[in-house]
Amino acid sequence: MAPHPLINEPAPEFSLPDVNGHMFKFPPEEQGVRVKKPIALFFYPEAGTFGCTREACQFRDALVEKEIFKRTDVQVIGISSDPVPKQKRFVESQNLTYPVLSDEKHVAYQAFHVGKGIMGFGDARITFVIDSEGMIRDSLSANVNFNAHVKFVTKALEKLESQPSVRSPSETSDADAAAARSESSDDSSLSQTRDELSRVAYVVGA
């Protein structure tokens, strides 16, 4: 299967209502500044069904039981096309501790290229892992195997943790400028050393 077209691309932005009807902006922000943490964004077909309930509860439990989830402070977010009242009942009945959003108009589905499920029935079940810089790093599409999604996120977070963080353009510019200053300083020191050696050679020759 070909990789998802958004892999290694910036995560699309959108706003959807949460279970209380409040608009949730994605990527998440605090006081107008984007939250710098990895995100596990999972789309599920229908709230309250067996597979979706198991998947949602597995993410809930992973947040408190899996060390990699706690260590990386990953933000889990669930999305389906169910209306707000149904999502609210789902969250309350399962004690879900992360944002669950209602996407009746398929705004996020379209932005993330999430299509239909098996044989075109219902919405697809797909999970995205987004790094702390807002880049989509991996995705898993598994409509039937709802147990695979938390395992997938666990491995993806471990991979992210083992890699150097992606530097922003400003950080890259600062690092390049520092490297240039260091190189210039080295060149200056080398020039001074050559001058000293030349003077010594002149004295000895004289």
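Looking at an unreviewed UniProt entry, one finds the protein named thioredoxin-dependent peroxiredoxin, with Suillus plorans as its source organism. Taken verbatim from the UniProt record of the protein, the Sequence similarities (unreviewed entry) comment is "Belongs to the peroxiredoxin family. BCP/PrxQ subfamily." UniProt's Catalytic activity (unreviewed entry) comment on the protein is quoted here verbatim: "a hydroperoxide + [thioredoxin]-dithiol = an alcohol + [thioredoxin]-disulfide + H2O".

Draft legend 1. Region of the structure containing the environment of Pro17. With respect to the helices and strands, Pro17 occurs in strand β1 (residues 14–17). Once the C-alpha coordinates of Pro17 and Pro83 are considered, the two residues, 66 residues apart in sequence, prove to be 9.3 Å apart. Setting aside anything within four residues of it in sequence, one finds Pro17 in contact with His22, Met23, Val84, Val100, Leu101 and Ser102.

Draft legend 2. Here's a closer look at the sheet that holds strand β9 (residues 136–141). Strands sit in the order β7-β6-β5-β8-β9 across an open sheet of five strands; the sheet is mixed. Strands at the two margins of the open sheet, each flanked by one partner only, are β7 (100–102) and β9. Taken over all neighbouring pairs, the strand axes of this sheet differ in orientation by 20° on average, direction set aside. Sheet analysis places strand β5 (residues 39–43) next to strand β6 (residues 75–80), joined by five bridges and oriented parallel. Bridge pairing in β6 links Ile39 to Gln75. Its contacts with the sheet place helix α3 (residues 84–94) against β6 and β7, and it is angled at close to 160° to β7.

The rules behind the values
- In this convention, every chain numbers its residues from 1, walking through the sequence in written order.
- Only residues with pLDDT of at least 70 get local features here, since the model is predicted, and only at 80 or more are side-chain atom pairs given and counted; chain-wide, interface and lining totals rely on the full set of residues.
- By convention in this description, side-chain values take in all heavy atoms of the structure and omit both hydrogens and water.
- UniProt positions are given in the numbering used here, feature names are shortened, and annotations may be inferred rather than shown by experiment.
- Numbering goes from the N terminus for both helices and strands, where a helix is a DSSP run of H or I of at least four residues and a strand is a run of E of at least two.
- Should any heavy atoms of two residues lie within 4.5 Å, those residues are considered in contact.
- A strand pair is defined by DSSP finding two or more bridges across the two strands.
- Angles here are taken between N-to-C directions and fall from 0 to 180 degrees, while the axes themselves are lines fitted to C-alpha atoms, restricted in helices to the stretch in contact.

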